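# Descriptive structure summary
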Amino acid sequence: MLLSDRSIKEAIREGKIVIKPYFEDCVQPSSIDIHLDSNFLLFNKAQHAVIDVRQKQDGLMRMVVVKEGEPFILHPGEFVLGSTLEFVKMPNDIAARIEGKSSLGRLGLLIHSTAGYVDPGWEGNLTLELSNVSPLPITLYYKMKIGQLSFVKMTTPVAKPYGSKGLGSHYQGQKTPVASKFYEEFRR
């Protein structure tokens with residue numbers, strides 16, 4: 001069951017879903033708008049010839065922080081990691097989907113490649129997989145609306161929420177964009 005605007009506000013008011021900062025005017029009919037933080041992870045292409053998914057590659061990405069009012073320019077074909085301004089904490093009986101804003105999608109901005117799902121039990125700022133599929137550069141700004149979260153009520157609370165021991169939850173509690181930890185899958 002997809003939560004309505006009234007149910008989203010109620011879940012936030014009761015502390016069941018935590019979103020900080022919370023802007024009530026960002027609640028839409030079946031979602032809540034989320035904003036872009038100031039931190040971006042960019043690939044160090046000059047120092048790495050290949051991404052070996054089995055290996056931890058130190059220095060594969062570098063952090064760039066933009067100041068309020070200054071643009072981050074995402075060039076055509078470029079892929080970077082960003083994160084939400086909002087900290088999100090999910091209960092054990094609600095999952096969420098993160099999707100882009102349609103107005104930005106019409107400009108060629110994608111905000112996730114595959115990581116559009118937020119598990120019950122998740123806690124942290126969400127990493128965004130930002131891609132520009134347009135033929136022109138796109139400017140991004142700290143605190144701009146970047147996407148939306150919709151919430152789905154589970155049939156029952158999950159037995160092992162995200163972050164539970166043994167699940168291999170790599171990103172619980174992150175505050176800034178975090179590079180891939182897929183290499184840890186080969187060490188199990």
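You'll find the structure just up there.
Throughout what follows, the structure given in this document is the object of discussion. Treat the numbers as computed from the prediction; the structure is a model and nothing was measured.

### What about the overall build of the chain?
Each helix and strand in the chain was counted, giving 2 helices and 12 strands. In the chain, the succession of α and β elements from N to C terminus is α-β-β-β-β-β-β-β-α-β-β-β-β-β. Relative to the globule expectation of 16 Å for 188 residues, the C-alpha radius of gyration of the chain, 17 Å, shows essentially globular dimensions. In terms of overall dimensions, the chain has C-alpha extents of about 50 × 40 × 25 Å along its principal axes. Taking all 188 residues of the chain together, the buried fraction comes to 41%. Across the chain, every contact between residues at least 6 apart in sequence was considered, and the portion connecting residues at least 24 apart equals 73%. Carbon together with sulfur atoms contributes 54% to the accessible area of the chain, which is approximately 10,500 Å² in total. Where the 23 positive side-chain charges of the chain centre and where its 20 negative ones centre are 3 Å apart.

### Here's the deal with helix α1 (residues 5-13)
Within α1, burial applies to Ile8, Ala11 and Ile12. Down the axis of α1, the buried set is contained in an arc of 100°. They therefore lie on one face. The exposed set on the far side of α1, more than 90 degrees from its buried face, consists of Arg6 and Arg13. Of the surrounding elements, those touching the buried residues of α1 are β1 (18-20), β2 (32-35) and β12 (145-153). Just downstream of α1, Gly15 is the residue with a positive phi angle, here 80°.

### Some remarks on the pattern of salt bridges
A complete count under the given rule lists 9 salt bridges for this structure. In this structure, the salt-bridge partner of Lys16 is Asp93, at a minimum N-O distance of 2.9 Å. Residue Lys16 is located in the loop between α1 and β1, and its partner Asp93 is located in the loop between β6 (79-89) and β7 (94-100); the two are separated by 77 residues in the primary sequence. Classification of Lys16 by relative accessible area gives partly exposed; the value is 34%. Among the charged side chains, a network of salt bridges with common partners joins Lys16, Asp93 and Lys153.

### Observations concerning the environment of Ile19
Within the secondary structure, Ile19 sits in strand β1. Overall, Ile19 belongs to the buried group, its relative accessible area being 6%. Distance from Ile19 to Gln174, taken between C-alpha atoms, is 14 Å for residues 155 residues apart in sequence.

### A closer look at the sheet that holds β2
Spatially, the 4 strands line up as an open sheet ordered β2-β12-β7-β9, and their pairing is antiparallel. In this open sheet, the two strands that pair with only one neighbour each are β2 and β9 (117-118). The sheet contact formed by β7 and β12 spans 7 bridges and is antiparallel. Bridge pairing in β12 links Ala96 to Phe151.

Cut-offs used in this document
Residues numbered from 1 in each chain as written. Predicted model: local features only at pLDDT ≥ 70, side-chain atom pairs only at ≥ 80, totals over all residues. Heavy atoms only, no water. Helix = DSSP H or I, 4+ residues; strand = E, 2+ residues; numbered from the N terminus. Rg over C-alpha atoms; globule rule 2.2 N^0.38 Å. Buried < 20%, exposed > 50% of the residue type's maximum accessible area, 1.4 Å probe, protein only. Contact = heavy atoms within 4.5 Å. Areas by Shrake-Rupley, 256 points an atom, 1.4 Å probe, with all protein chains shown as cover. Lys, Arg positive; Asp, Glu negative; His and termini not counted. Charge placed at Lys NZ, Arg CZ, Asp CG, Glu CD. Arc of directions from axis to C-beta. Salt bridge = Lys/Arg side-chain N within 4 Å of Asp/Glu carboxyl O. Pairing = 2+ DSSP bridges.

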